[in-house]
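Close look at the chain arrangement
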Amino acid sequence: MPEIWLFLIAAMTLTLAPGPDNIYVLTRGIAQGRKAGLVSALGFSSGLIFHTMLAVLGFAALIKASPLAYSLLRYAGAGYLIYIGVRTLRSHATVKLNGNDAAPPMKLSRIYWQSVIANILNPKVTLFFIAFLPQFVNAGAGHIPAQMLLLAAVFILQALLIFSAVALFSGMVGAFFQRKKAAASVMNRVAGTAFIGLGIRIALPQ
């Protein structure tokens, strides 16, 4: 899997772009402390296991059923990546951190399961995994499920590390966003451009 590093860069770009998961981790860390932020980071990362299994089982079955369907999925995935890249570029990212709106304290176990369920019930994450992971699989090398699991493990690990860093430095990150109002928009532009480029690269002949 020679493109594992490209996959890691793309995964980190997605994780760093302001979204519901990392914004929740950030606000929870600010409202209730680093431990609560870390627990929510673990919850969101745990939820990704569910999407991993859907993507791995579905894609492995597709490979066995039809090589043509595999090719169609690659092109559909490329189109979807370009689509979310355009949507990301056009979105107006804002990070609202108002102390008056901070969520009330809750038990750590509730924070964890709330984060897990929120991630599982997000259909956009499932769709992204199904479109994103297969683009880095080398079908000719075989062991498709193993490759998918490896990619998913890399994605989950980097997400956990980044979310945990956001939780640990939630106060500093929150202050940065308060001072730099355009920071979220800049991060969205970087992410959007990266995904459009990735989608075009996938769509071009190998």
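Below you will find a few notes about this structure. (Residues numbered from 1 in each chain as written. Predicted model: local features only at pLDDT ≥ 70, side-chain atom pairs only at ≥ 80, totals over all residues. Heavy atoms only, no water.)

This paragraph deals with the overall build of the protein chain. Scanning the protein chain from terminus to terminus reveals nine helices and zero strands. Along its sequence from the N terminus, the protein chain presents helices and strands in the succession α-α-α-α-α-α-α-α-α. Counting every atom, the protein chain has about 11,000 Å² of accessible surface; 71% of that belongs to carbon and sulfur. (Helix = DSSP H or I, 4+ residues; strand = E, 2+ residues; numbered from the N terminus. Areas by Shrake-Rupley, 256 points an atom, 1.4 Å probe, with all protein chains shown as cover.)

A contiguous nonpolar surface patch, about 370 Å² in accessible area, is contributed by Leu38, Leu168, Phe169 and Met172. You can call Leu38 partly exposed: its relative accessible area is 31%. (Patch = residues over 30% accessible without salt bridge, like charges linked within 9 Å, V, L, I, M, F, W, Y side chains within 5 Å. Salt bridge = Lys/Arg side-chain N within 4 Å of Asp/Glu carboxyl O. Buried < 20%, exposed > 50% of the residue type's maximum accessible area, 1.4 Å probe, protein only.)

In contact at an axis separation of 10 Å, helix α1 (residues 4-16) and helix α7 (residues 144-168) are set at 40° when each is read in the N-to-C sense. When the axis of α1 is compared with that of α7, the two are oblique. Our pair here, α1 against α7, has a crossing hand that is right-handed. Within the contact between the two elements, α1 uses Ile4, Phe7, Leu8, Ala11, Met12, Leu14, Thr15 and Leu16 and α7 uses Leu151, Val154, Phe155, Gln158, Ala159, Ile162 and Phe163. For the contact of α1 with α7, the residue count by class is 13 nonpolar, two polar and no charged. (Axes fitted to C-alpha atoms, helices over the stretch in contact; angles between N-to-C directions. Parallel < 35°, antiparallel > 145°, perpendicular 65-115°, else oblique. Left-handed = near helix turned anticlockwise from the far one by under 90°. Contact = heavy atoms within 4.5 Å. Nonpolar A, V, L, I, M, F, W, Y, C, P; charged D, E, K, R; others polar.)

Following the sequence through the fold, His51 ends up in helix α3 (residues 34-65). A distance of 2.8 Å separates a polar side-chain atom of His51 from the backbone oxygen of Asn119. (Polar contact = N/O pair within 3.5 Å; in protein donor to acceptor, adjacent residues only side chain to side chain.)

Looking now at the packing of aromatic side chains. For the structure on display, the rule yields four aromatic pairs. When the ring of Phe7 is compared with that of Phe155, the centres are 6.5 Å apart and the planes differ by 55°; the resulting orientation is tilted. Here Phe155 lies in helix α7 and Phe7 lies in helix α1, a separation of 148 residues in the sequence. According to the relative accessible area criterion, Phe155 is buried, its value standing at 5%. Consider the rings of Phe44 and Phe163, whose centres lie 6.4 Å apart with planes at 65°: the pair is edge-to-face. In this pair, Phe44 sits in helix α3 while Phe163 sits in helix α7, placing the two residues 119 residues apart along the sequence. Residue class for Phe44 comes out buried when judged on its relative accessible area of 4%. Grouping aromatic residues by their ring pairs yields a cluster made of Phe7, Phe136 and Phe155. (Phe/Tyr/Trp six-rings, centres within 6.5 Å; stacked < 30°, edge-to-face > 60°.)

Before going further, it helps to spend a moment on the environment of Phe163. For Phe163, a relative accessible area of 5% translates into the label buried. Put simply, Phe163 and Tyr24 are 139 residues apart on the chain and 9.8 Å apart in space, counted from C-alpha to C-alpha. If sequence neighbours within four positions are ignored, Phe163 has contacts with Thr15, Asp21, Asn22, Val25, Ala41, Phe44 and Ser45.

Phe129, Phe132, Leu133 and Phe155 are the most contacted members of the largest nonpolar core, which totals 29 residues. Breaking this core down by element, the ones donating at least two residues are α1, α2 (20-32), α3, α6 (123-132) and α7. Looking at this core, the element that brings in the most residues is α7, giving ten residues. Every residue in contact with Phe155, bar those within four places of it in the chain, is listed here: Phe7, Ala11, Leu14, Thr15, Leu48, Phe128, Phe129 and Phe132. (Core = buried A, V, L, I, M, F, W, Y, C linked by side-chain atoms within 4.5 Å.)

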